Amino acid sequence: PDNALAQPVGTTLERYIMRKQSEFAYATGELSQLLRDIALAGKIINREVNRAGLSELKGAFGTENVQGEQQQKLDVVANIRFIRALKNGGQACAILSEEEDEIIQTGNNQGRYVVAMDPLDGSANIDVNVPIGTIFSIYRRITPVGTPATKDDFLQGGRKQIAAGYVLYGSSTMLVYTTGHGVVGFTYEHSLGEFFLSHPDLLIPQNGKIFSCNEGHWFDYPEYVRTYLMECKRKGYTGRYVGSLVADYHRSLLMGGIYLYPPTKKKPQGKLRLLYECYPLAFLIEQAGGAAVADANGTPILDIVATDCHQRSALVIGSTNMVKEIAASATATA
Ligand code: AHG
Ligand code: MN
Ligand code: MN
Ligand code: MN
């Protein structure tokens, strides 16, 4: 405990953003402001998530979203909170959300950025107090400043992301993001209301011993996926599946491992959405030295061209060598 007191005060998110901005002579500060706005939205959603059990924010909202899913109350609340924070912030001209059919115009036509988001990831886990998250992905708009944004601004492809990240509402709340110069993680200090730098340079181990997927879909998985999973079991690897993509991803990032959401008979395109689930996590994993692919051919997620804002994709993501192994298993099974 004495040592704990001797520790210097950490770097706040604010200070970190300022420092990074000054390192890039050309930085206008707009992206910095956008990251601050996202952090604020994260804090607000964190508050709602924390008290969900007390404030009747649990349970279904009674509506269906464009994905054909039952919306939970917190899905709707997180969506509203996030949109409001970005509207007020002024930097985002439009938002794409899992919870809305069409892109949302913020009215900030002078804004240079668009943001795709999954306001609340892991909805099914809200009512049982299991970690959930918020995922975001940022592009610089390609339509002229001063006009409303269009779908084209969102459909530039994963490699055009200029920043991406997530907030994990777990046993502690974390903000993890990249602007294309590695991955950084901040932990939220509730009593101070600040994010502090806790993980200055996140790198995923090249090998891992944990596999993560919904084994309930076993009989629906392609043969090569089952072959690979059998091999994991033969080697005595550990199985872990939270069922919140952000939480499963975060564990894989820190400990190494592989996360899979393969195509199933019910969802032949896969379940996860490219623009606000797969692309941002793929950008992060590549920045952290890992890999993310879509299919048996090993097509990198970031190379897939999306034609629809809510397009789905299969996802295999994690430690590079494990992702390579599953691709090899696909070749061997073919
Ligand atoms: P969301 O809650 O944003 O709709 O995302 C749900 C996703 C993801 O969080 C999770 O990994 C996956 O759905 C779980 O799906 P299964 O229940 O089919 O395993
Ligand atoms: Mn959903
Ligand atoms: Mn999700
Ligand atoms: Mn969601």
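Residues numbered from 1 in each chain as written. Chains lettered and ligands numbered in written order. Predicted model: local features only at pLDDT ≥ 70, side-chain atom pairs only at ≥ 80, totals over all residues.

Going by the annotation in an unreviewed UniProt entry, the name recorded for the chain is Fructose-1,6-bisphosphatase class 1, with Hymenobacter cavernae given as the source organism.

(A) Examining the sheet that holds strand 8 (residues 173-178) more closely. Here 8 strands make up an open sheet; going across it, the order is 4-3-5-6-7-8-9-10 and the pairing mixed. With partners counted over all chains shown, the strands left at the sheet margins are strand 4 (104-105) and strand 10 (194-199), one partner each. The sheet strands contacting helix 7 (residues 245-255) are strand 5 (113-121), strand 6 (132-140) and strand 7 (163-169), and the helix crosses strand 7 at an angle near 105°. (Pairing = 2+ DSSP bridges. Helix = DSSP H or I, 4+ residues; strand = E, 2+ residues; numbered from the N terminus. Contact = placed C-beta atoms within 7 Å. Axes fitted to C-alpha atoms, helices over the stretch in contact; angles between N-to-C directions.)

(B) Broad picture of the site of ligand 1. All residues in the neighbourhood of ligand 1 are listed as E69, E98, D118, D121, G122, S123, N214, G243, S244, L245 and K271. Residues belonging to the shell around ligand 1 are distributed by class as follows: 1 nonpolar, 5 polar and 5 charged. (Near = placed C-beta within 6 Å. Nonpolar A, V, L, I, M, F, W, Y, C, P; charged D, E, K, R; others polar.)

(C) Representation of the environment of I204. In this fold, I204 is placed in the loop between strand 10 and strand 11 (210-212). For the pair I204 and D220, spaced 16 residues apart in sequence, the C-alpha separation works out to 29 Å. Residues within four places of I204 in sequence aside, it is in contact with S252, L253, G256, I285, A288, G289, G290, G318 and S319.

(D) Local environment of the environment of A292. Counting through the fold element by element, A292 comes out in strand 15 (residues 291-293). For the pair formed by A292 and V49, sequence separation is 243 residues and the distance between their alpha carbons is 29 Å. In this view, A292 contacts L281, A282, I285, E286, P300, I301, L315 and I317; residues no more than four positions away in its chain are not counted.

(E) Structural detail: the nonpolar core. Core analysis: the largest hydrophobic core is formed by 99 residues, its most contacted members being V115, A282 and L315. When residues of this core are assigned to their parent elements, the largest contribution, 10 residues, is made by helix 8 (residues 274-287). Those residues in contact with L315 that lie beyond four places of it in its chain are Y261, G270, L272, C278, A292, A294 and I301. (Core = buried A, V, L, I, M, F, W, Y, C linked by C-beta atoms within 7 Å. Buried ≥ 20, exposed ≤ 12 C-beta atoms within 10 Å, placed from the backbone.)

(F) Main features of the pairing of strand 5. With respect to burial, strand 5 is a largely interior element, 9 of its 9 residues being buried. Pairing geometry for strand 3 (residues 92-97) and strand 5, over 5 bridges, is parallel. Counted as the bridge partner of A94 is V114 from strand 5. Two strands pair when backbone bridges link them, and strand 5 and strand 6 are joined in this way by 7 bridges, in the antiparallel orientation. Residue pairing for strand 6: V114 is matched across the bridge by Y139.

(G) Region of the structure containing the packing of helix 6 (residues 223-234) against helix 9 (residues 320-333). Close contact between helix 6 and helix 9 brings their axes to 8 Å; oriented N to C, the two are set at 125°. Accordingly, the angle class assigned to the pair helix 6 and helix 9 is oblique. For helix 6 against helix 9, the interelement crossing comes out right-handed. Contacts between helix 6 and helix 9 pair E223, Y224, T227, Y228 and E231 from the former with E325, I326, S329, A330 and T333 from the latter. (Parallel < 35°, antiparallel > 145°, perpendicular 65-115°, else oblique. Left-handed = near helix turned anticlockwise from the far one by under 90°.)

(H) Highlighting the UniProt feature "binding site: Mg(2+) 1" (unreviewed entry) in the chain. As annotated by UniProt and renumbered to match this structure, "binding site: Mg(2+) 1" (unreviewed entry) occupies E98, D118 and L120. These residues run over 23 residues, yet every pair of their C-alpha atoms falls within 8.8 Å of each other. Its place among the elements puts E98 in the loop between strand 3 and strand 4. Non-local contacts of E98, meaning those with residues more than four positions away in its chain, are made with N65, Q67, D118, P119, R273 and Y276. When you line up the elements, D118 lands in strand 5. Excluding residues that lie within four positions of it along the chain, D118 makes contacts with E98, T134, I135, Y276 and E277. (UniProt positions renumbered as here; feature names shortened; annotations may be inferred.)

(I) Quick look at the sheet that holds strand 15. Sheet architecture is open: 5 strands sit in the order 12-11-13-17-15, paired in mixed fashion. Here the strands that pair on one side only, and so sit at the sheet edges, are strand 12 (238-239) and strand 15. As paired strands, strand 13 (residues 258-261) and strand 17 (residues 315-318) are joined by 4 bridges and run antiparallel to one another. The residue of strand 17 that forms the bridge with I258 is G318. Of the strands in this sheet, strand 15 and strand 17 touch helix 8, which is tilted by about 150° from strand 15.

(J) Structural view of unusual backbone geometry. The phi torsion at N129 lies on the positive side, around 60°, for a residue other than glycine. On the secondary structure map, N129 appears in the loop between strand 5 and strand 6. Exposure remark for N129: the 11 C-beta atoms within 10 Å place this residue in the exposed category.

(K) Representation of helix 9 in the model. With 14 residues, helix 9 should cover 20 Å at 1.5 Å per step; its first-to-last C-alpha distance of 20 Å lies within 8% of that length. All buried positions along helix 9 are accounted for by M322, V323, I326, A327, S329 and A330. Mapping the buried residues of helix 9 onto a view down its axis gives an arc of 150°, with all of them on the same face. Facing away from the buried side of helix 9 by over 90 degrees, the exposed positions are T331 and A332. As for helix 9, its buried residues are in contact with helix 6, strand 13, strand 15 and strand 17. (Expected span 1.5 Å × (residues − 1). Arc of directions from axis to C-beta.)

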